[in-house]
Amino acid sequence: MHLVDWLIVAAFVIWIVYDGSKRVKDSQHLEGYFLASRSIPWWAAGLSVMATQLSAITMIGTTGQGYTDGMRFIQFYFGLPIAMILLSVTLVPFFYRSGVYTAYEYLERRFDAKTRSLTSFLFLVSRGMAVGAAVSAPAVVLSLVLDWNLTATSLAITMPAVVYTMVGGVQAVTWTDVKVMALVVFGLFAIIAAAVLGLPDGVSAADGLAAAAATGRMRAFDFSFDLTNQYTFWSGMIAAVFLFCSYFGTDQSQVQRYLTARSEDEARHSLLMSAYWKIPLQVVVLVLGILVFAFYIFTPPPLLFSSVAEQRLRSGPAAAQYAELESQHTTALAVRRQAALEVAAARDADDPARLSAAQEAMRQSEAGVQSVWTSARTLVRESGGDAAFTDVNYIIPTFILTQLPIGLVGLLIVAIIMAATDTIAGELNSLATATVIDFYRRWFKREATDTHYLNVSKAATGLWGLFACAVARGNPIARMKTPRIEP
């Protein structure tokens, strides 16, 4: 990256941490630190809920999935509005009226302390590991793309979140969520604009989308009952409803967000915000990936988007095999480009028979490109011993670094970093809340001042941050996998 991009990254990270650290209103007592004294506007709480999900995994992995697989993933979210409506009329008023700090406090009232502690412990273990994965996925990609040490990248992602979460509590997390949400959405549309404006003269975005549609990438509905198919209308409308109800209804990282709202009605509205906007936002994410695919139809992409894997093959014993694959790739790309141009010409001529033949040729040419790409990835796995390698997570970072102007590159890299940091901050805050409320105050020190509990909470936030870095650093396999589900 250019020096200007590095300065932008540094300036934004410093500003986010500084501004988040100033959010200390009402954070001198326990309810203010964990629940913002129930003073957060519904729209801010709603954006916080959405920002926790809109992680770096979304910007790196889900956009890459749009590139390779198209719109199918959107079906996973079809059940989200149903789940949000169910929760808004059941659990949201129930939790809000109960005056609890965590979703697990009520279990002691209904059952006993052991049930509460076991459930909270399971949350701590699962969410603590999930935070490590949330650090690991972007950290490994950015460490290779930016040529950073993996430990340094993990710390760069995690430490800003630890600092402002320790100082400002949930207020700092929520208002940082709002800023990062705006930055990430701007970044998504900036990449879309770059992909569209980067198309060669005479080729429109509609031409690119028509070529993508011929490969099946614009298909958003699959009504089949194939149990081996992960994303169908039925999995989104049935299975996903249960997943979303459990995640948003019982996971402390989400429950805590709407408990900060000013009233019960505002708590409902904050949760329903995801029902209104999550699907359109996810459509934008996937369309971004499709438009980048369209861009690379007319501008030849590298055979491997991971420059590290590519360099290893070029200089290793498999160099001759890789050179042969590159030659095949160049030929396959030329055939695909010509097929895409024919699809555009057939559309312009309004000739159904010609269009049908052109679409079939586009599908066949895309299969040829995918075959070569698959062979290259297989070669990486066989020559490098990394059986989990996939190239998908490097598509969007490579596009950002090679196709965007100076300044915008830095802005988008900081959007990826802060998206990861932002998700981690929300998780750390919820982990600290459960640690202090469900365990420390319940079992170890039932009577103490708020100052004492706040100090323990800040220490717990720091320890969970270090735990996340350790999990990320010790989990190199997860780095290459494209995460599919968010929550």
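Residues numbered from 1 in each chain as written. Predicted model: local features only at pLDDT ≥ 70, side-chain atom pairs only at ≥ 80, totals over all residues. Heavy atoms only, no water.

1. A short note on the overall build of the protein chain
Helices and strands together make up the secondary structure of the protein chain, namely 19 helices and zero strands. Against the compact-globule benchmark of 23 Å for 487 residues, the protein chain has a radius of gyration of 24 Å, which places it among compact chains. On the principal axes, the C-alpha backbone points of the protein chain span a range of 75 × 45 × 35 Å. Out of the 487 residues in the protein chain, the part that is buried amounts to 56%. Residue pairs in contact within the protein chain that sit at least 24 positions apart in sequence constitute 84% of those at least 6 positions apart. Of the roughly 19,000 Å² that the protein chain leaves accessible, carbon and sulfur atoms contribute 64%. A gap of 7 Å separates the mean positions of the 36 positive and 36 negative side-chain charges of the protein chain. (Helix = DSSP H or I, 4+ residues; strand = E, 2+ residues; numbered from the N terminus. Rg over C-alpha atoms; globule rule 2.2 N^0.38 Å. Buried < 20%, exposed > 50% of the residue type's maximum accessible area, 1.4 Å probe, protein only. Contact = heavy atoms within 4.5 Å. Areas by Shrake-Rupley, 256 points an atom, 1.4 Å probe, with all protein chains shown as cover. Lys, Arg positive; Asp, Glu negative; His and termini not counted. Charge placed at Lys NZ, Arg CZ, Asp CG, Glu CD.)

2. Description of helix H9 (residues 150-197)
Taking 1.5 Å of rise per residue, the 48 residues of H9 would be expected to cover 70 Å, yet its terminal C-alpha atoms sit only 34 Å apart, more than 12% below that figure. In the structure, H9 departs most strongly from a straight axis at Gly168, where the bend amounts to approximately 130°. (Expected span 1.5 Å × (residues − 1). Bend = angle between axes of the 7 residues up to and from the residue.)

3. Considering the nonpolar core
Residues Phe248, Val292, Leu304 and Ile400 are the most contacted members of the largest nonpolar core, which totals 156 residues. Ranked by the residues each element gives to this core, the list is headed by helix H18 (residues 408-444), at 20 residues. Beyond its immediate sequence surroundings of up to four residues, Phe248 is in contact with Val49, Gln53, Leu80, Met84, Leu87, Gln254, Val255, Tyr258 and Leu271. (Core = buried A, V, L, I, M, F, W, Y, C linked by side-chain atoms within 4.5 Å.)

4. Remarks on the environment of Val89
Mapped onto the fold, Val89 is located in helix H5 (residues 80-89). When the C-alpha atoms of Val89 and Gln256 are compared, they prove to be 17 Å apart, with 167 residues separating the residues in sequence.

5. Digging into the side chain of Thr174
Locating Thr174 in the fold gives a position in helix H9. Residues within four places of Thr174 in sequence aside, it is in contact with Ile40, Ala44, Ala45 and Ser48.

6. Things to note about a nonpolar patch on the surface
On the surface, a cluster of nonpolar side chains totalling about 560 Å² of accessible area is made up of Leu118, Phe121, Leu122, Val125, Met129 and Phe467. For the nonpolar patch, the leading source of residues is helix H8 (residues 113-145), giving five residues. Mapped onto the elements of the fold, Phe121 is located in helix H8. The exposure class assigned to Phe121 is partly exposed, which follows from its relative accessible area of 45%. (Patch = residues over 30% accessible without salt bridge, like charges linked within 9 Å, V, L, I, M, F, W, Y side chains within 5 Å. Salt bridge = Lys/Arg side-chain N within 4 Å of Asp/Glu carboxyl O.)

7. Focus: empty space enclosed by the protein
Summed over all chains, the structure comprises two cavities of 30 Å³ or more. Its boundaries defined by the atoms lining it, the largest cavity holds a volume of some 80 Å³. As for the largest cavity, its lining consists of Tyr67, Phe293, Pro301, Pro302, Leu303, Phe305, His329, Arg336, Glu366, Val369, Gln370 and Trp373. Counting residues per element, the lining of the largest cavity draws most heavily on helix H16 (residues 352-384), which supplies four residues. (1 Å grid on protein atoms, 1.4 Å probe; cavity = no way out; pocket = protein on both sides within 12 Å on 5 of 7 lines; lining within 4 Å. Points joined across faces, edges and corners; volume = space filled by probe spheres on them.)

8. As for the packing of aromatic side chains
All chains considered together, the criterion is met by 34 aromatic pairs. Taken together, a centroid distance of 5.1 Å and an interplanar angle of 85° make the contact between Phe76 and Tyr77 edge-to-face. Grouping residues by exposure puts Phe76 and Tyr77 together as buried. Of the aromatic side chains, those joined through ring pairs into one cluster are Tyr67, Phe293, Phe295, Tyr296, Phe305, Trp373 and Phe399. Here the guanidinium or amino end of Lys179 rests over the ring plane of Trp15, the centre of that ring lying 5.9 Å away. The ring of Phe293 carries Arg217 above its face, with NZ or CZ at 3.7 Å from the centroid. (Phe/Tyr/Trp six-rings, centres within 6.5 Å; stacked < 30°, edge-to-face > 60°. Lys NZ or Arg CZ within 6 Å of the ring centre and 35° of its normal.)

9. A word on H18
Under the 1.5 Å per step criterion, the end-to-end length of H18 is 50 Å for 37 residues, consistent within 8% with the ideal 54 Å. Along its length, H18 shows its largest kink, about 30°, at Val436.

10. Section: the pattern of salt bridges
Enumeration according to the criterion identifies 19 salt bridges in this entry. Ionic pairing is found between Glu427 and Arg127, a salt bridge with its closest N-O pair at 3.4 Å. Taken together, the positions of Glu427 in helix H18 and Arg127 in helix H8 put the pair 300 residues apart, joining distant regions of the chain. For Arg127, a relative accessible area of 11% puts it in the buried group. Between Glu360 and Arg363 there is a salt bridge whose closest N-O contact spans 3.1 Å. Of this pair, Glu360 and Arg363 are both found in helix H16, three residues apart, which corresponds to roughly one turn of the helix. The exposure class assigned to Glu360 is partly exposed, which follows from its relative accessible area of 34%. You can call Arg363 partly exposed: its relative accessible area is 38%. Shared partners join several salt bridges into a network, and the residues in it are Arg97, Glu264, Asp265 and Arg268.

11. Section: the side chain of Thr433
One can find Thr433 in helix H18. Not counting the four nearest positions on each side in its chain, Thr433 is found in contact with Phe34, Tyr101, Thr102, Gln252, Gln256 and Asp438.

12. Looking at unusual backbone geometry
A positive phi is found at Ala36, a non-glycine position, where the angle reads about 55°. Note on placement: Ala36 falls in the loop between helix H2 (30-35) and helix H3 (42-53). By relative accessible area, which is 0% here, Ala36 ends up buried. Even without a glycine there, the phi angle at Asp350 is positive, about 55°. The class of Asp350 is exposed, set by a relative accessible area of 67%.

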